[in-house]
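Listed below are the residues making up each chain.
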Amino acid sequence: MKSVGEAMAIGRTFQESFQKALRSLETGRAGWGCDRSEKLPSLEQIRGGLRIPNPDRIFTVRHAMQMGMTVEEVYELTAIDPWFLDKLAELLETERFLKKTPLKSLNREQLYAVKQQGFSDRQIAYATKTTEDEVRAYRKSLGILPTYKTVDTCAAEFEALTPYYYSTYESEVLELSQGEAAVAKVETEILPSEKRKVMILGGGPNRIGQGIEFDYCCCHASYALRADGFETIMVNSNPETVSTDYDTSDRLYFEPLTKEDVLNILEAEHPEGVIIQFGGQTPLKLAVPLQTYLNQNPDVTTKIWGTSPDSIDTAEDRERFEKILRELEIRQPANGLARSFEEALQVAKRIDYPVVVRPSYVLGGRAMEIVYSDQDLDRYMKFAVLVEPDHPILIDKYLENAIEVDVDAIADADGNVVIGGIMEHIEQAGIHSGDSACSIPTISLSASVLDTIRTWTTKLAKALKVIGLMNIQYAVQGEQVYILEANPRASRTVPFVSKAIGVPLAKMAVRIMSGMTLADLNYTSEVIPKHVSVKEAVLPFAKFPGTDIILGPEMRSTGEVMGIDTDFGKAFAKAELAASQHLPLKGMVFVSMNDRDKVAAVPVVKDLIELGLTVVATSGTRQTLMEHGVESVELVLKLHEGRPHVLDWIKNEQIQLIINTPIGATAQIDDRLIRRTALAYKIPIVTTIAGARATAAAIRSLQSQQLQVKSIQEYM
Amino acid sequence: MPRRNDIHKILLIGSGPIVIGQACEFDYSGTQACKALRDEGFEVILVNSNPATIMTDPETADRTYIEPLTPEIVEKIIEREHPDALLPTMGGQTALNLAVSLAKNGALERHGVELIGAKLPAIEMAEDRKLFKEAMERIGVGVCPSGLATTMTEAKQIAHEIGNYPLIIRPAFTMGGTGGGIAYNQEEFEEISQSGLDASPVSQILIEKSLLGWKEYELEVMRDLADNVVIICSIENIDPMGIHTGDSITVAPAQTLTDKEYQRLRDAAIKIIREIGVETGGSNVQFAVNPETGEMIVIEMNPRVSRSSALASKATGFPIAKWRQNWQWATRSMKFPTTSPKKHPLVLNPPSITLSLKFRALPLKNSPVRSPR
């Protein structure tokens, strides 16, 4: 199994549920196709795609049918029950009908039937060559609105009063279109309420970069608001989460998080506020469409609570953000924008290698790379990204061996700011913050650096008019602090920080968004705990045979664990153990470093030897170690140097720990094989110098004393 | 019925970090169990290493250990807290495996801790392929032609006996089928068998005949101490056998079964939960049905809340009652809250069709994801 998440949709028919579920998936699809121009594969490819089970097969089925394959033929190849295939074929028929019918000539009955098959406004817009807004307006003018039904939790045995809703398009159409009353009688099952209502938009399906941390924040928002007497309305499509349990909120809408579906609920519920900053990227994408809708409909009294969409946008818009940074005199790494390879070369020349390159149009570190040379840059521009005038490449100076710092802070409408936690990352800047281990409190930052971080965080929160949570990432190189990015919203570190400092940050933040101040909440100063908390990422590498396991700017982890203890070494050891990395207390360490890290590895290796471990290394690394006075290092052969080579050592279980930093962006085959084999033999492997240092500290702690346990209630 | 008064303090194990095959679906059940047990006056100790869970909020349990989920660490917690009982069915496969280790290494006995919710023999009968196969033979429920191997030699022997490829390799005691797969030829068979043997903590793999093309169904079943059994929900995989259930598109309730076929699955599921001996709580049973002949085979059974339970709960709206009963069953003997005075299974058929689409992990960079196994 390889899925990291799932979406569920509820409807009255298979077709409706099916299309809703597809648009809940956050893969950019508006349903089962009919949302973009498609290039059809060859019949041969289709046959292969149908015969061999694969995750895109449901779209291959579509292609097959588009090319005229019959239900019987598709069944022969897929063994998918013809009942399902028939339903899909019907969808395709509807789509064909839509494509030859202008929007305005669809009558009420026809459009109703289309909606009952789960077609989204976006799909209808695509088929009729109109816009989603036009479809919505026309649909509403015909009185075609979704009705909200409760999920019958009592199997029709007795009346279900659970406020757990899903949308559907009911079939009273015929009656209505024949009768004289043009106004749709919508049989909604939504219960009325006298309380002040707040709608919380959840995070949708889990995927890498969008995990349960955001769901945790949404749940906490709901708990706090309910405790304060608000009626909370949760919207989410992920069946695995706590937010979609129907007693987390007063009302639950199990619906896709798309503009169409969210606006429909908004119009049905008329909440006083909408919260979009807790559910991660999914609801944030709706910020601008929602605000536009609210601006266009002044009679709708709903407000987006907390930091304004404009402020959120400012932080994401490079130019506007830089302007603020200049005004506040906050330092950024040297950077530039490139629309072609030549421009990229110039920028790189100006700011000097290594540089971090990424496309401007993706979020979450996808396709981000650290580039060390012109040649590397050429490869990146040619093969890794699409460069167009509209989609420039962002180039930042890569701060080598810098320490990355994550800060979560809260600000209220009066401009008061409290730092929730300052996390020092173990892995150096350049590794995605979601994949890096981190520690609260910080372990190596100087007082003046921390001071700068606190001052800048406060200044920036005020300048961006943050109301609620904000996360800022910094890089610290020596005593110099640089800001990397700021996000005026809940971050994935909120649950970790809350548990480390003993303050429920998400609850605090939502109360602030409801109008309270930090002073009202009696939360006015940063909490710096005496114990150490370490968060470590859990990576899915074992599930993907053949992938390399090095960390980089692209996030890869699926989950996280936390270790708490009295000192850093023990807390880190616990976090590693929780992430299934069993650090050895004795035995042999294999060290193989790239050229940049060889010298930096010397003190770590000395440390490990002092702790009683034997060190073996490949020739280059061993040479450097010897030059720096580390004599007792045995040589291990690389793969091409003869046998027994390093893989033999690993397979014979002679090696208990591996420290191997990758060479350049694409690690060499040797290194990859070493790391894969280590993974297969469950040998802990460290791919960064900073990680190696932390590992040595952990081994030291483990040697001095066995791990003890203590409950979090006792730490507080 | 009376609450068990010999138990005062209960240790609950959470499911740890989110990994592929085990998401956050156990957070809610665990949180609810904590709350409910505390309402009943029990002292609840919780251990989970995942900070991003509601259950590890400091107010959920009496004491919360955010500590690694290893037998050594959990035993330390037991030494420190002296719980009377351990509830292992709320934390997925992670918690179940941990409970099994603690039972087998004698830690539970040493410290006088009783397993509640699922007893060791039931867990073992469901999880150990050989015991499971024998149990199914006893009640006359068909299973797939298969064999168990602990070495490569045995594996090859079994492959020879079954006769033809493709063959499916499933390692014992792993989550989401890690290390398993489908082999279409001998070379692939040896490769996958080896990785399966490595991945299984007991170095055991099950080799079975491929059921490619068969239809796949799941039933969520619950049983109480009075031997009532209910079918909470049926789930149909749109993709036939060959795609891992967790990766398949699924529909609840099942759409393409005739009433007779559905009855057969129900009857089998009820027999299975009784034979395995899950006294209290929920289980998930997976079936394969041959579309040509109607032949039915049981694939596996999970004696705990599973990934599909969460889905079934959300699809039917059954969770609260379900979870509340779940913990209650663990600590008292209680009957189903059936509205009917007669003692017959209360079957809930969800009136709405719900469809769950599970999609795959984003393929990691530089790594064309292999064809699914």
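Residues numbered from 1 in each chain as written. Chains lettered and ligands numbered in written order. Predicted model: local features only at pLDDT ≥ 70, side-chain atom pairs only at ≥ 80, totals over all residues. Heavy atoms only, no water.

Trainee: It is not clear to me how the overall build of chain B should be interpreted in this structure. Could you clarify?
Mentor: In terms of regular secondary structure, chain B is built from 11 helices and 15 strands. Within the span of chain B, comprising 373 residues, buried residues form 66% of the whole. By sequence separation, contacts in chain B at least 24 residues apart represent 68% of the contacts at least 6 residues apart. (Helix = DSSP H or I, 4+ residues; strand = E, 2+ residues; numbered from the N terminus. Buried < 20%, exposed > 50% of the residue type's maximum accessible area, 1.4 Å probe, protein only. Contact = heavy atoms within 4.5 Å.)

Trainee: Can you walk me through the overall build of chain A in this structure?
Mentor: The number of helices and strands found in chain A is 27 helices and 24 strands. In terms of overall dimensions, chain A is globule-like: its C-alpha atoms have a radius of gyration of 28 Å, near the 27 Å expected for 716 residues. Overall size of chain A, expressed as C-alpha extent along the three principal axes, is 95 × 65 × 55 Å. Taken across its 716 residues, chain A has 62% of its residues classed as buried. Looking at chain A alone, contacts between residues at least 24 apart form 68% of all its contacts between residues at least 6 apart. As displayed, chain A has an accessible area near 27500 Å², and 51% of this comes from carbon and sulfur atoms. Separation between the mean location of the 77 positive side-chain charges and that of the 97 negative ones in chain A comes to 2 Å. (Rg over C-alpha atoms; globule rule 2.2 N^0.38 Å. Areas by Shrake-Rupley, 256 points an atom, 1.4 Å probe, with all protein chains shown as cover. Lys, Arg positive; Asp, Glu negative; His and termini not counted. Charge placed at Lys NZ, Arg CZ, Asp CG, Glu CD.)

Trainee: What is the right way to read the sheet that holds strand S18 (residues 532–538) of chain A from this model?
Mentor: Backbone-to-backbone hydrogen bonds pair the strands of a sheet. The strands run either parallel or antiparallel. All names here are of chain A. The strand order across the open sheet built from seven strands is S17-S16-S13-S14-S15-S18-S19, with neighbouring strands paired in antiparallel fashion. Strands at the two margins of the open sheet, each flanked by one partner only, are strand S17 (480–487) and strand S19 (559–565). Across the sheet, the mean angle separating the axes of adjacent strands is 25° when strand polarity is ignored. The strands touched by helix H18 (residues 447–463) within the sheet are strand S13 (403–411), strand S14 (417–428), strand S16 (468–477) and S17, with S16 carrying the most contacts at an inclination of about 140°. (Pairing = 2+ DSSP bridges. Axes fitted to C-alpha atoms, helices over the stretch in contact; angles between N-to-C directions.)

Trainee: How do you make sense of the sheet that holds strand S8 (residues 181–183) of chain B when you look at a structure like this?
Mentor: All names here are of chain B. Reading across the sheet, the four strands line up as S6-S9-S7-S8 and stay open at both edges, with antiparallel pairing between neighbours. Since the sheet does not close on itself, it has two edges, and those belong to strand S6 (146–149) and S8, each with one partner. Each adjacent strand pair in this sheet contributes to an overall mean axis angle of 25°, direction not counted. Across five bridges, strand S7 (residues 167–171) lies against strand S9 (residues 205–209) in antiparallel orientation. In the strand pairing of S9, Arg170 is matched with Leu206. Sitting on the sheet, helix H7 (residues 152–162) touches S6, S7 and S9, and the angle it makes with S6 is about 170°.

Trainee: Quick question: what am I supposed to make of helix H2 (residues 43–51) of chain A here?
Mentor: Helical periodicity: at 3.6 residues per turn, an α-helix aligns residues three or four positions apart in one direction. Residues and elements named next belong to chain A. Among all positions of H2, only Ile46, Gly49 and Leu50 are buried. One face of H2 carries all of its buried residues, which in axial projection span an arc of 95°. Of the exposed residues in H2, the ones pointing more than 90 degrees away from its buried face are Glu44, Gln45 and Arg51. Buried residues along H2 sit against helix H3 (57–66) and helix H4 (71–78). (Arc of directions from axis to C-beta.)

Trainee: I tried to follow a nonpolar patch on the surface on my own but got confused; where do I start?
Mentor: A surface patch of nonpolar side chains, about 230 Å² in accessible area, is lined by Leu40, Leu43 and Met67 of chain A. Positionally, Leu40 of chain A belongs in the loop between helix H1 (14–24) and H2. (Patch = residues over 30% accessible without salt bridge, like charges linked within 9 Å, V, L, I, M, F, W, Y side chains within 5 Å. Salt bridge = Lys/Arg side-chain N within 4 Å of Asp/Glu carboxyl O.)

Trainee: Can you walk me through the state of the cysteines in this structure?
Mentor: Formally, a disulfide is one covalent bond, and it connects the sulfur atom of one cysteine to the sulfur atom of another. Residue and element names in this part refer to chain A. Overall, the coordinates contain zero disulfides over all chains when judged by the stated rule. Left without a disulfide partner, Cys438 is nearest to the cysteine sulfur of Cys217, which lies 15 Å away. Given a relative accessible area of 1%, Cys438 falls into the buried group. (Disulfide = S-S within 2.5 Å.)

Trainee: Help me understand the environment of Ala575 of chain A, please; the structure alone is not making it clear to me.
Mentor: All names here are of chain A. Mapped onto the elements of the fold, Ala575 is located in helix H21 (residues 568–578). Counting along the chain gives 130 residues from Ala575 to Leu445, while the straight-line C-alpha distance between them is 21 Å. Setting aside its immediate chain neighbours within four residues, Ala575 contacts Val534, Glu536, Val561 and Gly563.

Trainee: I tried to follow the packing of aromatic side chains on my own but got confused; where do I start?
Mentor: Residue and element names in this part refer to chain A. In total, this model carries 13 aromatic pairs over all chains according to the counting rule given. Ring pairing ties together the aromatic residues Phe14, Phe18, Trp32, Trp83 and Phe84, which thus form one cluster. Taking NZ or CZ as reference, Arg331 lies 5.7 Å from the ring centre of Tyr482, over its face. (Phe/Tyr/Trp six-rings, centres within 6.5 Å; stacked < 30°, edge-to-face > 60°. Lys NZ or Arg CZ within 6 Å of the ring centre and 35° of its normal.)

Trainee: Help me out: how do you make sense of the packing of helix H10 (residues 212–227) of chain A against helix H19 (residues 494–501) of chain A in this one?
Mentor: When two helices pack together, their arrangement is captured by the angle between the axes and the distance separating the axes. Residues and elements named next belong to chain A. Interaxial distance between H10 and H19 falls to 8 Å at its minimum, and their mutual angle equals 65°. Together, Glu213, Tyr216 and Cys217 of H10 and Val494, Pro495, Ser498 and Lys499 of H19 make up the contact between the two elements. Split by residue class, the contact of H10 with H19 holds four nonpolar, one polar and two charged. (Nonpolar A, V, L, I, M, F, W, Y, C, P; charged D, E, K, R; others polar.)

Trainee: Any chance you could explain the pattern of salt bridges here in plain terms?
Mentor: Should their charged atoms come close, side chains of opposite charge can pair. A full pass over the atoms with the stated rule returns 53 salt bridges over all chains. The residue Asp565 of chain A makes a salt bridge to Lys574 of chain A at a minimum N-O spacing of 3.1 Å. Pair check on accessibility: Asp565 of chain A and Lys574 of chain A agree, each one buried. The partner of Asp62 of chain B in a salt bridge is Arg38 of chain B, and the shortest N-O contact between them spans 3.3 Å. Placement of Asp62 of chain B in the loop between strand S2 (43–47) and strand S3 (63–65) and of Arg38 of chain B in helix H1 (residues 25–39) is noted, with a sequence separation of 24 residues between them. Here Asp62 of chain B falls in the partly exposed class, since its relative accessible area comes to 25%. A relative accessible area of 29% means that Arg38 of chain B is categorised as partly exposed.

Trainee: Which parts of the structure should I look at to understand unusual backbone geometry?
Mentor: Most peptide bonds are trans, and most residues other than glycine sit at a negative phi. Residues and elements named next belong to chain A. With an omega dihedral of -10°, the bond running from Tyr353 to Pro354 counts as a cis peptide bond. Assignment of secondary structure puts Pro354 in the loop between helix H16 (341–351) and strand S10 (355–359). Look at Ala79: it is not a glycine, yet its phi comes out positive at around 65°. Within the secondary structure, Ala79 sits in the loop between H4 and helix H5 (82–99). Since its relative accessible area comes to 16%, Ala79 is described here as buried. At Glu329, a residue that is not glycine, the phi angle is positive and equals roughly 55°. Tracing the chain through its elements places Glu329 in the loop between helix H15 (318–328) and strand S9 (335–338).

Trainee: Please clarify how H1 of chain A should be interpreted in this entry.
Mentor: All names here are of chain A. The element H1 is largely enclosed, with a buried count of 11 among its 11 residues. The set of residues buried in H1 consists of Phe14, Gln15, Glu16, Ser17, Phe18, Gln19, Lys20, Ala21, Leu22, Arg23 and Ser24. The positive-phi residue at the C-terminal boundary of H1 is Glu26, with phi of around 60°.

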